[in-house]
Amino acid sequence: MTTSASARSGAVAAPPGSSAARTPQQLRAVYAILAIACAALIFDGYDIVVYGTIVSGWLENPSLIGETTITAAQAGTVGSYALIGVMIGALAAGAIGDHIGRRRMVLASIAWFSIGMALTATSPNLAFFSVMRLLTGLGLGSLLAVLGALVAEFAPTDRKNQFNAIVYSGIPAGGVVASLVALVVLAPFGWRTLFMIGALPLVTLLPLAFYFIPESPKWLETRGRRDEAEKIAALTGVALEPMGTPAPEVGAVPEKVGFAGLFGSRLAIPTLLLGMMSFSGLLLTYGLNTWLPKIMQGYDKGEQYSLFFLLLLNAGAVIGGLAAAWAADRFFGPQKTIVFTFFLAALTLFGMTFRFPDLILFAFIFIAGTGTLGTQVLIYGKVSNFYATKVRAAGVAWCAGFGRLGGIFGPVIGGAIVGAFVSQADPTAAGRIAFWVFAGVAMLGAVLCALVPQKHSEAEREVAVARQALAADQPVGSEA
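Each chain carries its own residue numbering, running from 1 in the written order of its sequence. Owing to the predicted nature of the model, reporting of local features is limited to residues with pLDDT of at least 70; listing and counting of side-chain atom pairs is limited to 80 or more, with chain, interface and lining totals taken over all residues. Note that the side-chain values use all heavy atoms of the structure and ignore hydrogens as well as water.

(A) Up close: the packing of aromatic side chains. We call Phe, Tyr and Trp rings a pair once their centres come within 6.5 Å, taking the six-membered ring for Trp, and we label the pair stacked below 30 degrees between planes, edge-to-face above 60, and tilted otherwise. Summed over all chains, the structure comprises 19 aromatic pairs. Geometrically, the ring pair formed by Phe129 and Phe195 is edge-to-face, given 5.6 Å between the ring centres and 85 degrees between the ring planes. Of this pair, Phe129 sits in helix α5 (residues 126-154) while Phe195 sits in helix α8 (residues 191-198), placing them 66 residues apart in sequence. Here the aromatic rings of Phe356 and Phe364 are separated by 5.7 Å at their centres, their planes lie at 85 degrees, and the arrangement is edge-to-face. The rings of Tyr51, Trp58, Phe129, Trp191 and Phe195 are connected pair by pair, giving a single aromatic cluster. The ring of Phe210 is capped by Arg103, whose NZ or CZ atom sits 4.8 Å from the centre of that ring. Numbered from the N terminus, helices here are DSSP runs of H or I no shorter than four residues, and strands are runs of E no shorter than two. We call a charge positioned above a ring when the Lys NZ or Arg CZ atom is no farther than 6 Å from the ring centre and deviates by at most 35 degrees from the ring normal.

(B) How the structure looks around the pattern of salt bridges. A side-chain nitrogen of Lys or Arg and a carboxyl oxygen of Asp or Glu constitute a salt bridge if their distance falls within 4 Å. One pass over the structure, following the stated rule, counts four salt bridges. For Arg102, the salt bridge goes to Glu153, with nearest N and O atoms at 2.7 Å. Linking Arg102 in helix α4 (residues 102-120) with Glu153 in helix α5, this pair joins segments that are 51 residues apart in sequence. Each member of the pair, Arg102 as well as Glu153, is classed as buried. Note that Glu221 and Arg226 form a salt bridge whose closest N and O atoms lie 2.8 Å from each other. Residue Glu221 shares its accessibility class with Arg226, and that shared class is buried. Ionic contacts of the salt-bridge type, sharing partners, join the residues Glu221, Arg226 and Glu230 into one network. Relative accessibility under 20% of the residue-type maximum defines a buried residue, over 50% an exposed one, and the middle range a partly exposed one, all with a 1.4 Å probe and only protein chains included.

(C) Broad picture of the side chain of Gln26. Counting through the fold element by element, Gln26 comes out in helix α2 (residues 24-60). A polar side-chain atom of Gln26 sits 2.9 Å from the main-chain amide nitrogen of Thr23. Between N or O atoms, a polar contact is any pair within 3.5 Å; within protein, one atom must be a potential hydrogen donor and the other a potential acceptor, and residues adjacent in sequence are included only when both atoms are from side chains.

(D) Representation of the packing of helix α6 (residues 160-168) against helix α16 (residues 373-386) within the structure. It is at 8 Å that the axes of α6 and α16 come closest, and there the two elements cross at 130 degrees. With respect to each other, α6 and α16 are oriented oblique. As for how α6 packs across α16, the hand of that crossing is right-handed. Contact with α6, carried on its side by Lys160, Asn161, Asn164, Ala165 and Tyr168, involves Val377, Tyr380, Gly381, Ser384 and Asn385 of α16 and no other residues of that element. Think of it as three bins: nonpolar holds Ala, Val, Leu, Ile, Met, Phe, Trp, Tyr, Cys and Pro, charged holds Asp, Glu, Lys and Arg, and polar takes everything else, Gly as well. Considering only residue class, the contact of α6 with α16 consists of four nonpolar, five polar and one charged. A fitted line through C-alpha atoms represents every axis, and for helices the fit uses only the stretch in contact; the resulting angles, taken between N-to-C directions, go from 0 to 180 degrees. Any angle between 65 and 115 degrees counts as roughly perpendicular, while under 35 counts as roughly parallel, over 145 as roughly antiparallel, and the rest as oblique. By convention, the crossing between two helices is left-handed when the near helix turns anticlockwise from the far helix through less than a right angle, and right-handed when the turn is clockwise. Contacts between residues were defined by any pair of non-hydrogen atoms, one from each residue, lying within 4.5 Å.

(E) Spatial organisation of the nonpolar core. Only buried residues count toward a nonpolar core. Its members are Ala, Val, Leu, Ile, Met, Phe, Trp, Tyr and Cys residues joined through side-chain atoms within 4.5 Å. Counting 123 residues, the largest nonpolar core has Trp58, Phe129 and Tyr168 as its most contacted members. It is α2 that contributes the most residues to this core, 15 residues altogether. Tyr168 has contacts with Leu41, Leu144, Ala145, Leu147, Gly148, Val377, Tyr380 and Val396, leaving out every residue within four places of it along the chain.

No statement about biological role is implied by the geometric values presented.
Here it is as structure tokens:
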């Protein structure tokens, strides 16, 4: 048996799979995976948001898409097709992702949505455009779901929440990119160019992903492909279960794969709670991104504030989400951090109903961004690390897919409130009701998170058996 240098010297060895336990070469390999995953979700966020940058132009000039008239209701319906596709794609990825592996799903998803964006750019009319938005959404949703599982299985054990936050912050960052690109490209080159830009991953990210993203060694291990898993683990520093790990006790129920395991007797209630958490987070995210500018106009804030409010909201999601993820890894864990950020969102959204000075309102909007989309980033991280390998892709897919219903209902609820109260004598009535409702949803999210068990026993076992490798003086996932 080979003895490690740390064991011979008597030094305390770093936990297997942690940052300190990996060599610089292994960390570089993982950072490459992280960078490609983040870039993929930047394009994901770009593709979802880019429709909002062109819809006003279509309403004024329907001939741009080959129509004589387009109503606001039609435009709104078309905008929902991509989100419906995302929901279906995420759930479909969960159904097959734990069976066929992470790498294949990532490559297929990037190719699918890139080709979809290119075909969307050729749309001769609104009907063709609508179909292509739905089909493109399938690839976007699939990618959204599988990347959570991929990152969770390659990330250092001491930085899982940070890695997930970095990757999923690509979504709001992509929305900002879409807005800025539209300002530069839309007027001189037209809307079709925006969608062709969204197809660039086909010739940029896809080759990089093919070269730099290996299959997850943890997934290979669950499929009985130990030799392949060890080779990739040696390159990336992923900690595998040591050879000779005790078999399950006699009479134990075998772990099922995918959705079959996700909704088994032990996981059904936590799975429902996590799905409702994601529903709450995405309802807040899409509700505020859609109606915040209109609501603030009722508080005597001119149209020039609209972009600034949205930029503050999304900046809070990116910056605050990363800070919260760091705190989750270093101090509090994801459970307490999510409860706290949801509570912050509720507090600041309620505070928006008062006529505070602009600087305070700006701070509230920034913090609300941390507690809405920033919290959703943390939810993806918690879900990725809550489930065991055999059901991880299904768990993230359920979170992304069911939660997308909240993304669909958020704008609808906000629109119903604004429509019902916009004619009131008090111009702030619609805003007050909307902020109260959104604050209530945030509090519901905090309660749901508090009720979720801290760990699924199988996921906890996966970590425990990897750590036993050091106690047994058996190197794991690295060369002796």
